[in-house]
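Observations on chain architecture
Chain by chain, the residues:
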Protein chains: 2
Amino acid sequence: MAPRGLPEPVLIRGTGLLGTSIGLGLRAAGADVYLADPSPSAQAVAEDIGAGRPYPGDLTGTPGQEPAGAGTPPGTVVVASPPDVTGQVVIDSLLRFPGAVVLDIASVKGQVQRQVQAAVVDGTLTGAQGALYVGTHPMAGRERSGPVAARGQLFTAAPWVVCAGEDSAPEAVAAAEEVARTLGATVHRMDAADHDASVALISHLPQIAASLVSSRLQETPAASLALSGNGLRDTTRIAASDPQLWVQILAANAPDILQILYGVRQDLDRLIATMEDPSAPGARLDIAQLMAEGNAGHARIPGKHGAPPQAFAVVTVIVDDTPGQISAVLQDVGTAGVNVEDLRMDHSAGYEVGMLEISVLAGRKQELTDALSAQGWKVV
Amino acid sequence: MAPRGLPEPVLIRGTGLLGTSIGLGLRAAGADVYLADPSPSAQAVAEDIGAGRPYPGDLTGTPGQEPAGAGTPPGTVVVASPPDVTGQVVIDSLLRFPGAVVLDIASVKGQVQRQVQAAVVDGTLTGAQGALYVGTHPMAGRERSGPVAARGQLFTAAPWVVCAGEDSAPEAVAAAEEVARTLGATVHRMDAADHDASVALISHLPQIAASLVSSRLQETPAASLALSGNGLRDTTRIAASDPQLWVQILAANAPDILQILYGVRQDLDRLIATMEDPSAPGARLDIAQLMAEGNAGHARIPGKHGAPPQAFAVVTVIVDDTPGQISAVLQDVGTAGVNVEDLRMDHSAGYEVGMLEISVLAGRKQELTDALSAQGWKVV
């Protein structure tokens, strides 16, 4: 039973991680999905995985002419191409498939929106054609890329931002939201400018910070790195990212990111000046102020499921490396009737143990600590 | 049965989180522990928790005179005071308890070592007295502070750096290492200069980076923060830190940290210049180069138990918020015979589900994915 409100068939242009995942998810929901990718092998992999059928038409000819041998034209086109060419593929799709809703999934929305608007202004597209474009951004992903890593449930519970333009046709917006909901995502409505400013802060800045910290480690002796704890690991986790992709994202969102980087540089300059003479009057206050501002900003990050941040307490249990230990701890947590709100492992370099950090409601911490200790667990 | 090689009784000066945890751990190992803290309430809490007995002597009088009513003088003194006064308390202890080994646990080692050396040079201490001081640094901690949060097993499997000076008496070094081992830590021997350069990079830089990123969020609208994912959370996790403590640490290690910050500023300046004109020739290569340098640095961070980094694959399972789900997943992982190498939860703002990210040996990933899917779990 195909999703209502989603004009079919769906054509996905670009079968990387996200495009292929969208295909898998939509097919699982009963939709009829076609795939197309300039790379025959990427497309073949996506087909083999089950993300859709090969689009039978020729997408290389001049836009505006019915592609040869196309069969049923798509009702919805999802453009999942690399950011640099997304605008071009969106415009091509609007021309090639009149009446189809065209949505993209690029991480930066203003750039594509402006390209479509420019095409309307210069007459490449009519206003009615331009109105069928809706910019969107699914905020899901993973450290691997390419169709092989695709999963249909990648978007479950992820935010999916839908940026309706002033001129977007309501049915196009509805179709874009239907794609997102069908894939299990939560729709966030935002205009493109707000979206780009938001992701500059909550996605692009962290990426840059992780890269700036990590690049300092290139020459670090192994003995120094052996002291690494979760502080270093946490701040650098996302540094292992695809340079080619991120070049496109950062370049596309440069104006918004720059505003933020100017502020960071100002803070860094101030910190450096202070640390060049930490015993000068007011120096310590300066440093403390940066830390306090960091605390204030950190406290605003939403916690689990949008709950107030830092509403939980952490119970840390030592687990050794034998199979089944973590499961055993959690069974005892369940027996104690305490819900696990969050979970992470803390590793130490050297010993064959780890610390399992279990977040629980603050009021249950003592009870859980006692219950687990009574079962013989070492609670740190 | 008291730990061999640890001269007793042990006097712990400073009953914050670390001092109290050391007391708890040493007492659990059978050692005789005294406590002293300038704050009577902090000391009382530590005593109530069971970290040791109140030190009967008067530590406020002039050093060099036997404290009134002291009873058995300590064989080992652990100075766990705030960083700013550590040098002073170390020197006081060397004078007050001739023959006792004195070790400190401050995060920055050079500063205290230099203060002790200066006291030898100016005659406050004899060379023999100075030789009984050993700087150490247990690299363990937690987000809360104060004696109430103390746990005796805080140091289990944590690195504990011991910085023997050129002039340190071998028996003092042995005693310091015995404290660390008794508490379950792994001893890392390093000289003070190498230690300070190391922690500047792997501990202080991440702290600064987290604070710089977090401080940008102070005015961010809630709708923007609602899009936050693990990228932001990871890079800012340690930003929630005690400004007073960190002011002391950063000021004490300013020279080493500055060297690193100059490099970061250079990278940031270069990135800003590039992003001011991202279409200029070479601009994209510049950005890609920073990202690639970040990748190279990141790849050097040791993985679990010092294993090569990134040796594991991640299997992500969707779990809902009902009690026992996580435990149930892990039981099925255990039934499949696959060891859990690492574990973390990925939260989404909005829905009542989470993603459980299970790291396993890369070669077992497909098998585990199949096994869990067969049990009805949604593997992303």
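1. Topic: the side chain of B:Asp196
Tracing the sequence through the fold places B:Asp196 in helix 7 (residues 192-215). Beyond its immediate chain neighbours, meaning those up to four positions away, B:Asp196 contacts B:Val108, B:Lys109, B:Gly110, B:Gln111, B:Asn253 and B:Asp256.

2. Focus: the interface of chain B and chain A
Between chain B and chain A, the contact holds 131 residues from the first and 130 residues from the second. For the interface between chain B and chain A, the tally reads 8 salt bridges. With a closest N to O distance of 3.2 Å, B:Asp234 and A:Arg237 form a salt bridge. One can count 31 residue pairs in polar contact (both at pLDDT 80 or more) joining chain B with chain A.

3. Thoughts on the pairing of strand 4 (residues 76-79) of chain B
Residues and elements named next belong to chain B. Side chains Thr76 and Val78 project from strand 4 onto one buried face, and the interleaved Val77 and Val79 project onto a second face that is buried too. As judged from the 4 bridges shared by strand 1 (residues 10-13) and strand 4, these two strands associate in the parallel manner. Residue pairing across strands places Val10 opposite Thr76, the latter belonging to strand 4. Summarising the sheet, strand 4 and strand 5 (residues 101-104) pair through 4 bridges and their orientation is parallel. Bridge pairing in strand 5 links Val79 to Asp104. For the handedness criterion, the β-α-β arrangement of strand 4, helix 3 (residues 83-96) and strand 5 is classed as right-handed.

4. So, a negative patch on the surface
Taken together, the side chains of A:Glu166, A:Asp167, A:Asp191 and A:Asp194 present a region of like negative charge at the surface. Judged by its relative accessible area of 40%, A:Asp191 is partly exposed.

5. Considerations on the relation of the copies chain B and chain A
With an axial shift of 0.0 Å and an RMSD of 0.0 Å, the rotation relating chain B to chain A amounts to 180 degrees. Between the two chains, the operation in question is that of a two-fold axis.

6. Regarding the sheet that holds strand 8 (residues 186-189) of chain B
All names here are of chain B. Pairing is mixed across the open sheet formed by 8 strands, whose spatial order is 3-2-1-4-5-6-7-8. Bordering the open sheet on either side are strand 3 (53-54) and strand 8, each of which pairs with just one other strand. Pairing of strand 7 (residues 159-163) with strand 8, which is carried by 4 bridges, proceeds in the parallel orientation. When the sheet's bridge partners are listed, Pro159 is paired in strand 8 with Thr186.

7. A word on the environment of B:Asp48
Residues and elements named next belong to chain B. Of note, Asp48 is situated in helix 2 (residues 40-49). For Asp48, a relative accessible area of 68% puts it in the exposed group. Sequence spacing of Asp48 and Asp342 is 294 residues, and the spatial spacing of their C-alpha atoms is 36 Å.

8. Some words on the nonpolar core
Counting 78 residues, the largest nonpolar core has A:Leu250, A:Leu261, A:Met275, B:Leu250, B:Leu261 and B:Met275 as its most contacted members. Sequence-distant contacts of A:Leu250, defined by excluding residues within four places in its chain, comprise A:His204, A:Ile208, A:Ile257, B:Met275, B:Ile287 and B:Met291.

9. With respect to the side chain of A:Ser241
Along the polypeptide, A:Ser241 turns up in the loop between helix 9 (230-236) and helix 10 (243-252). Among the polar contacts made by the side chain of A:Ser241, one reaches the side chain of A:Gln207 at a distance of 3.3 Å. Within the structure, A:Ser241 has its side chain in polar contact with the backbone oxygen of A:Ile238 (distance 2.7 Å). With near-sequence residues (within four places) excluded, A:Ser241 lies in contact with A:Gln207, A:Trp246 and B:Asn295.

10. So, the packing of aromatic side chains
Residue and element names in this part refer to chain A. Enumeration over the complete set of coordinates arrives at 6 aromatic pairs over all chains. Their ring planes at 45 degrees and their centres at 5.0 Å tell us that Phe155 and Trp160 sit as a pair that is tilted. Residue Phe155 is classed as buried on the basis of its relative accessible area of 1%. Taken together, the ring pairs connect Tyr34, Tyr55 and Phe97 into an aromatic cluster.

11. With respect to the pairing of strand 1 (residues 10-13) of chain A
Residue and element names in this part refer to chain A. The alternating pattern of strand 1 places Val10 and Ile12 and Leu11 and Arg13 on opposite faces, both of which are buried. In this sheet, strand 2 (residues 33-36) lies alongside strand 1 in parallel orientation, the contact comprising 4 bridges. The residue bridging Leu11 from the neighbouring strand is Tyr34, located in strand 2. At this point the chain moves from strand 1, through helix 1 (residues 17-28), to the parallel strand 2, and the crossover so formed is right-handed.

12. Here we look at helix 6 (residues 170-182) of chain A
Residue and element names in this part refer to chain A. An ideal rise of 1.5 Å per residue puts 18 Å on 13 residues; helix 6 measures up with 18 Å between its terminal C-alpha atoms. Where helix 6 is concerned, the buried positions are Ala172, Val173, Ala175, Ala176, Glu177, Val179 and Ala180. At its buried positions, helix 6 is contacted by helix 1, strand 5 (101-104), strand 6 (133-138), strand 7 (159-163) and strand 8 (186-189). Taken from the residues just after helix 6, Gly184 is the one with a positive phi, measuring 85 degrees.

13. Let's talk about the sheet that holds strand 6 of chain A
Read across the sheet, 8 strands follow the order 3-2-1-4-5-6-7-8 (chain A) without closing on themselves; strand pairing throughout is mixed. Pairing within the sheet leaves two strands with one partner each, and these edge strands are strand 3 (53-54) and strand 8 of chain A.

14. Considering the packing of helix 11 (residues 254-275) of chain A against helix 12 (residues 283-298) of chain A
All names here are of chain A. Where helix 11 meets helix 12, the closest approach of the two axes is 9 Å, and the angle between their N-to-C directions is 145 degrees. Helix 12 is crossed by helix 11, and the crossing has left-handed handedness. Contact with helix 11, carried on its side by Asp267, Arg270, Leu271, Thr274 and Met275, involves Ala283, Asp286, Ile287, Gln289, Leu290 and Glu293 of helix 12 and no other residues of that element. Taken together, the residues that form the contact of helix 11 with helix 12 break down as 5 nonpolar, 2 polar and 4 charged.

15. Considering the domain arrangement of chain A
All names here are of chain A. According to the domain assignment, chain A contains domain 1 (10-64 + 71-190), domain 2 (197-218 + 229-294) and domain 3 (313-379). With centres defined by C-alpha atoms, the gap from domain 1 to domain 2 works out at 33 Å. Across the contact, 9 residues belong to domain 1 and 9 residues belong to domain 2. Here domain 1 and domain 2 share an interface that buries about 750 Å² over both sides, 66% of which is from carbon and sulfur atoms. Across the contact surface, domain 1 and domain 2 share 0 salt bridges. Where domain 1 meets domain 2, there are 1 residue pair in polar contact (both at pLDDT 80 or more).

What counts and what doesn't
- Residues numbered from 1 in each chain as written.
- Chains lettered and ligands numbered in written order.
- Predicted model: local features only at pLDDT ≥ 70, side-chain atom pairs only at ≥ 80, totals over all residues.
- Heavy atoms only, no water.
- Helix = DSSP H or I, 4+ residues; strand = E, 2+ residues; numbered from the N terminus.
- Contact = heavy atoms within 4.5 Å.
- Salt bridge = Lys/Arg side-chain N within 4 Å of Asp/Glu carboxyl O.
- Polar contact = N/O pair within 3.5 Å; in protein donor to acceptor, adjacent residues only side chain to side chain.
- Buried < 20%, exposed > 50% of the residue type's maximum accessible area, 1.4 Å probe, protein only.
- Pairing = 2+ DSSP bridges.
- Right-handed = clockwise from strand over helix to strand, strands pointing away.
- Patch = residues over 30% accessible without salt bridge, like charges linked within 9 Å, V, L, I, M, F, W, Y side chains within 5 Å.
- Areas by Shrake-Rupley, 256 points an atom, 1.4 Å probe, with all protein chains shown as cover.
- Lys, Arg positive; Asp, Glu negative; His and termini not counted.
- Charge placed at Lys NZ, Arg CZ, Asp CG, Glu CD.
- Least-squares fit on C-alpha atoms with pLDDT ≥ 70 in both.
- Core = buried A, V, L, I, M, F, W, Y, C linked by side-chain atoms within 4.5 Å.
- Phe/Tyr/Trp six-rings, centres within 6.5 Å; stacked < 30°, edge-to-face > 60°.
- Expected span 1.5 Å × (residues − 1).
- Axes fitted to C-alpha atoms, helices over the stretch in contact; angles between N-to-C directions.
- Left-handed = near helix turned anticlockwise from the far one by under 90°.
- Nonpolar A, V, L, I, M, F, W, Y, C, P; charged D, E, K, R; others polar.
- Domains from an automatic or database assignment.
- Buried area = accessible area lost by both parts, 1.4 Å probe.

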